[in-house]
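Structure at a glance
What follows is the residue order along each chain.
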Amino acid sequence: MAPTREMSLETKERIVKLLEEGNPSRMVAKDVGCSQSAVSKIWTKYKQHGMVVKAKRTGRPRKTSKRQDKQLKEVGVNVCDRTVRNRLKEMGFQYRKAKRKPALTPKHKRTRLQWAKERQSWTVDDWMKVVFSDESRICIGQGDDAGTFVWCRSSEIYEEACLKKTTKFPQSLMIWGCMSGKGTGEMTVVNSSINAQVYIDILDSFLIPSIEQMFGDDEIIFQDDNASCHRAKTVKAFLEERHIQSMSWPANSPDLNPIENLWWRLKKMVHKKGPTSKADLATAIKESWHQIDAEYCLSLIKSMPHRLKAVIKAKVLRHTMSRKI
């Protein structure tokens, strides 16, 4: 139940109106969702002042007027940083960590928009036929990027219990994996640099079994990014020979690939297992990969129409803003 000081003026006026109509305070309290004592306080103040009294503002006195709020950036109003933060919050701003986004050239933006428009009519069922793939590097200790907070005195900041230990050159493993709306496919640790032949071997040993396992003889669309080894002529010939349709992909667009979200979850799961060596890391990766459920993969595929809409909407917003300017 809301305290009296948090009630809106409209709620207090409703309480007074119901009481003037002869309704008992218990029924009024139940009707507006407050305590009976709150109803009594509002009624007492109404009789004393002859009007509904607005609650007094608590906290520090306001340093700026509404007019000054609009001019904070233009005039030299002498206010502290807390006042500025409070005004920004009142205007709907929030202090948050900036999202990471690849730098896009005008050509990248045009390609992304065209790609999104060509597939904006696709349904979730259409996206269910796509097998998404990618490589990712997982490091020991990776997955705790949000930071570690500790309670300590200023004299204790370098004590053992208050430190987050880091490694300058952490041990890591490169992996390749694939997924669809039906769940995760095969995943493998890659122990060498990836060239066209190594990539073909990966596709032959892990993509083909994944397709057979998830789709049987049904036709699928295979997605990979524009890495040079992915777009080699020998790779293209291999996919054509296996009658696998390859999806075109806009450059610099990891945000459109749902497997990026899967990598994030995988790294979090691996981090929780606390591997301390490459062997432990490999085991943790394999165990975590098999623990990712199909329902999570399905939710990522269902997000594809929204991802495309976001790309198209971003273009519309930029066009609108440029016209206003």
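About the thresholds
- Within any chain, residue numbers begin from 1 and follow the written order of that chain's sequence.
- Side-chain atom pairs in this predicted model are given and counted only at pLDDT of 80 or more, local residue features only at pLDDT of at least 70, and totals for whole chains, interfaces and linings cover all residues.
- Computation of side-chain values covers all heavy atoms of the structure but excludes hydrogens and water.
- We call Phe, Tyr and Trp rings a pair once their centres come within 6.5 Å, taking the six-membered ring for Trp, and we label the pair stacked below 30 degrees between planes, edge-to-face above 60, and tilted otherwise.
- Put simply, DSSP marks the helices as runs of H or I at least four residues long and the strands as runs of E at least two long, and each gets a number from the N terminus on.
- Categorising residues by exposure relies on relative accessible area from a 1.4 Å probe, with only protein chains included: less than 20% of the type maximum marks a residue as buried, more than 50% marks it as exposed, and the intermediate range marks it as partly exposed.
- Two conditions define a charge sitting above a ring: the NZ of Lys or the CZ of Arg must be within 6 Å of the ring centre, and it must be within 35 degrees of the ring normal.
- When DSSP finds at least two bridges between two strands, those strands are taken to pair.
- When checking whether two residues touch, look at their non-hydrogen atoms; a contact exists if any pair is within 4.5 Å.
- Note on geometry: axes are lines fitted to C-alpha atoms, helical ones only across the stretch in contact, with angles between N-to-C directions running from 0 to 180 degrees.
- For this quantity, the arc is that covered by the directions from the helix axis to the C-beta atoms.
- For this analysis, a polar contact is any N or O atom pair within 3.5 Å, provided that within protein one partner can donate a hydrogen and the other can accept it, and provided that sequence-adjacent residues contribute only side-chain to side-chain pairs.

Moving on: the packing of aromatic side chains. With the rule as written, the count across this model stands at five aromatic pairs. The interplanar angle of 35° and the centroid separation of 5.9 Å between the aromatic rings of Trp263 and Trp289 together place this pair among those described as tilted. One end of the pair, Trp263, is in helix H10 (residues 259-273); the other, Trp289, is in helix H11 (residues 278-291), with 26 residues separating them in the sequence. Under the relative-accessibility criterion, Trp289 is labelled buried at 1%. Connected via pairs of aromatic rings, a cluster forms that spans Trp115, Trp122, Trp127, Phe132 and Trp249. Sitting above the plane of the Tyr296 ring, Arg265 keeps its charged end 3.7 Å from the centroid.

Turning our eyes to something else, we now look at the sheet that holds strand S3 (residues 183-190). Working definition: the strands of a sheet are paired by backbone hydrogen bonds and lie parallel or antiparallel to each other. Judged by pairing direction, the sheet is mixed, and its five strands sit side by side in the order S3-S2-S1-S4-S5 without closing on themselves. The sheet is open, and its two borders are formed by S3 and strand S5 (245-246), each paired with just one other strand. In the packing of helix H8 (residues 196-215) onto the sheet, the strands contacted are strand S1 (130-139), strand S2 (172-180), S3 and strand S4 (221-223), and the crossing angle to S3 comes to about 160°.

The next point concerns helix H12 (residues 294-302). Counting along an α-helix, one turn takes 3.6 residues, and residues three or four places apart therefore face a common direction. All of the buried residues along H12 are Tyr296, Cys297, Leu300 and Ile301. The arc that holds the buried residues of H12, viewed along the axis, is 140°, so those residues lie on one side. The residue sitting at the N-terminus of H12 and contributing the capping side-chain oxygen is Asp293; that oxygen lies 3.2 Å from the backbone nitrogen of Glu295.

Among the structural elements, Arg119 can be located in the loop between helix H6 (106-118) and helix H7 (124-127). Using a relative accessible area of 10% as the deciding quantity, one classes Arg119 as buried. At 3.2 Å, the side chain of Arg119 forms a polar contact with the backbone oxygen of Trp115. With residues near it in sequence (within four places) discarded, Arg119 still touches Trp127, Met247, Ser248 and Leu308.

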